[in-house]
Amino acid sequence: MHNINKFDGSSESFYVSLKTWVLLNYRPSNDLDAFCFRDDILNHALADSENILVDKEDLITRKIVCQTISELFMSSKVCIVKAKKSSQVDPSFAKPRRAWGYIHLERKQTMPVEMRECLTVDEEWQQLTTTISSVAAEYNWHVSINIEGFSLSCIKHENLSFNGQRVLTEIVFSKIDQHTKIDLKVKRHAEYIDISDIENKTADMPIMEKVRFVISLLSKSPLCMGFDDDGIENFNIQHNRYVVKNLVDITASEECKIYSTKCKMFTNVPGKSVRHGEIVKKLDMQKAARIQQEMINAERELIEMSKDDHQDLIELFKQANSKDIPEDMAVLWDQQQQLLAKKNNLQEQDYWGGLILDEMKIQENIEMVVKNGKHTLVGIADLGEIHDNMTKISGKDGEVPKLASHVLQFIFLGDNGFRFPVTQFPSGGWTASSLFHIFWDGVRMMGEIGFPIYWCILDGADINRQFIKIHFKSEEEAHNFKKVRNNILKSSLATTTPRCLTVNGKLILWNQFVDAYNYDQREFSLSFHEKLTEEHFNLDASSKMRNHLAEDVLDKRMFSLMKAYKKYLDNKGQDGSSLDSTINLLMHTANAISLFQDKLVITSASDKRIKELKQFLTFMQSWKDNLALSDKGSIQSNEFISYKLWFDIQSMVLGFDSLVKIKLEAYPHSIIKPAIINQDVVENHFCQVRACNGQNNNPTWRLQESAQNSIRYGQTTICRKSNAGSSR
């Protein structure tokens, strides 16, 4: 009885049959030109449906075919892309076309039976005994040969144990006599499995091709995990109980699982037996209905209370000793605690987060307002009492007060997406030491009300860099990619430009990006990188500030376009290797951008995306180390990025890595959402401030201050967008 139903509405037999069909007709390839259109594979499957379909309810769809291919070949280089190639299956698509398909995947060329080399049984047995070990080793199987008994076995140790015995999967080959074909049987946990369906499909295969196919299929077929003993008495099912343990996870405990007696020894390879997926579905529906009814009955008895009384009741429950609860009230007490907990669904780790700092330009203007019955001047720079005391100590107490030219905004962003504008200061000419004291005062106060701060995001201003150098390691990611683009923009062969980026003797020039864009526009009716426009390359002062324009020329689509452009140059007889350093840089920037735009959460410090981010830093460090150093030990050459950008990249990579490690060390089962670790929330906040004042792009301190509480109470508290640009 399987705990995974691969395709809703389809039988397990159909899933195995489709998997068998794919392995028989397609295989991964290292050939760079190997490519199969997704629709061609689907058409091929539909044309050959009589060899795939098992039950009349089964239906071959694109989704099912694609899921099967992804599962079978996920460990190889096979991946789906949108490319322009000629169809190899459908004659109606003889001309090149752009469509989704799989690279590094090719269709097998089936040789007619009459053209195959005919081997005797003795020759097949000799071939089997001499080559079986190498084939089995590819899939981590072991081989045992009994020469005298004319039999051999391929054995795989599974990662599960049943009743204390480790499960073994065994393929047994037997030579009966020289006139009978070599017999093939499969045993799992000492019992034979019916593989008649597979034997019918592989009857005409050469012996070694059949061996490779069966081993591959069994290696990719998951074991049945059974289901819990919950409601089994309501179904007329003959079953056995086994004590199951996962041998991979050393922390896993033994569990009692139920298996149908018709289950083909814990595997989904044979399919024509009980529909285990339907049984599991019925049990799940029955359990869900019972839980729902229990909740309805409990909520009928639940009374609605005011917010303060509700919180007081929660505290009373926390302080109560469970040993003092009468036995006849224990169930009611537990149920009431669960219902109270649902009123506040935030967990302890959800209160963790960081502070995002940024400045907005305002008018330098002094105004008078009434606060608490007294007239007060506003618009004067004020960075706190500590800043004023430091000014007195430095002997600058007699200076004329400065008017505020900026608003220094602090916004709290929780790891679960909760955000709140905490405070703002009228600033003008502040220092890193002033920011240091304001920041840590804010961290202290946030901690006192239950919001631990363990990271911070700032932009690349010089004062922010000085603040980071004092102690902190994190900076705004999107601004860093913009600065990478700007460094490349300044890189050319002209002597008037400040940079000529060079890695391992290969140049990284802005003209290479422009030429790749022109090639894309010229050669393809449907652009390879559909987001690129003239605005990405003809940059003015305003467009240079737009993060998305920088990210578009450094992301994975640009990486793919640059590789295609290199291949185009090689085919034209030009030097495509001149783009090697540019392509290498794009590979790392594409991975970094993909990480900080990814809405898929991080649950482990060893996440592949974090490793790729560290490789970006390693690449930049290697680039820097290979350049000549001056007498002072600093890089004076224009072949490397600016010092400020190099510092920012280190802060970004090391800071984000530390962020993940700190959170997961404190709460191993918590998550990090990379897509929200940016300054989008503060940019959105500034957008709302301007919108509250009639789209005033340059409000005074008084106007923006009056809008702050309106924004706090009127905004959505959970940020559901990862890109700035609109007010809500």
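In what follows, the accompanying structure is described. Remember, predicted model here, so these are calculated numbers, not experimental data.

Some words on the pattern of salt bridges
Where charged atoms of side chains with opposite charge meet at close range, the side chains can pair.
Line of reasoning, step 1. Counted under the stated rule, the structure contains 17 salt bridges.
Line of reasoning, step 2. Between Arg27 and Glu106 there is a salt bridge, and its shortest N-O distance comes to 2.9 Å. One end of the pair, Arg27, is in strand β1 (residues 26-28); the other, Glu106, is in strand β5 (residues 105-107), with 79 residues separating them in the sequence.
Line of reasoning, step 3. Three or more residues joined by partner-sharing salt bridges are found here, namely Asp441, Arg444 and Glu448.

What about the sheet that holds strand β17 (residues 419-427)?
Line of reasoning, step 1. Strand order in the open sheet made by the four strands is β17-β16-β13-β18, with mixed pairing throughout. What marks the edges here is a single partner per strand, and that holds for β17 and β18 (453-457). Neighbour-to-neighbour, the strand axes of this sheet turn through a mean angle of 25°, independent of strand direction.
Line of reasoning, step 2. As defined by bridge partners, strand β13 (residues 353-361) adjoins strand β16 (residues 406-414) across nine bridges and the pair is classed as antiparallel. Across the sheet, Met360 pairs through a bridge with Val407, a residue of β16.
Line of reasoning, step 3. Across the sheet, helix α11 (residues 432-448) is in contact with β13, β16, β17 and β18; its angle to β16 comes to roughly 35°.
Line of reasoning, step 4. Running over the sheet, helix α20 (residues 680-692) touches β13, β16 and β17 and is turned about 40° from β13.

Some thoughts on unusual backbone geometry
Line of reasoning, step 1. The phi angle at His104 is positive, at roughly 60°, despite the residue not being glycine.
Line of reasoning, step 2. When you line up the elements, His104 lands in the loop between β4 (97-103) and β5.
Line of reasoning, step 3. In this model, Asn504 sits at a positive phi of 55°, which is unusual for a non-glycine residue.
Line of reasoning, step 4. You can see Asn504 is positioned in the loop between β19 (502-503) and β20 (506-507).

So, the environment of Thr603
Line of reasoning, step 1. One can find Thr603 in the loop between α17 (580-597) and α18 (608-625).
Line of reasoning, step 2. For Thr603 and Lys663, which are 60 residues apart along the polypeptide, the C-alpha to C-alpha distance reads 9.8 Å.
Line of reasoning, step 3. Beyond its immediate stretch of four places on either side in the chain, Thr603 contacts Leu664, Pro668, Ser670 and Ile671.

With respect to the side chain of Lys175
Line of reasoning, step 1. Its place among the elements puts Lys175 in the loop between β8 (165-174) and β9 (183-188).
Line of reasoning, step 2. Discounting chain neighbours no more than four positions away, the residues touching Lys175 are Val121, Asp122, Trp125 and Phe150.

How each quantity is defined
- Residues numbered from 1 in each chain as written.
- Predicted model: local features only at pLDDT ≥ 70, side-chain atom pairs only at ≥ 80, totals over all residues.
- Heavy atoms only, no water.
- Salt bridge = Lys/Arg side-chain N within 4 Å of Asp/Glu carboxyl O.
- Helix = DSSP H or I, 4+ residues; strand = E, 2+ residues; numbered from the N terminus.
- Pairing = 2+ DSSP bridges.
- Axes fitted to C-alpha atoms, helices over the stretch in contact; angles between N-to-C directions.
- Contact = heavy atoms within 4.5 Å.

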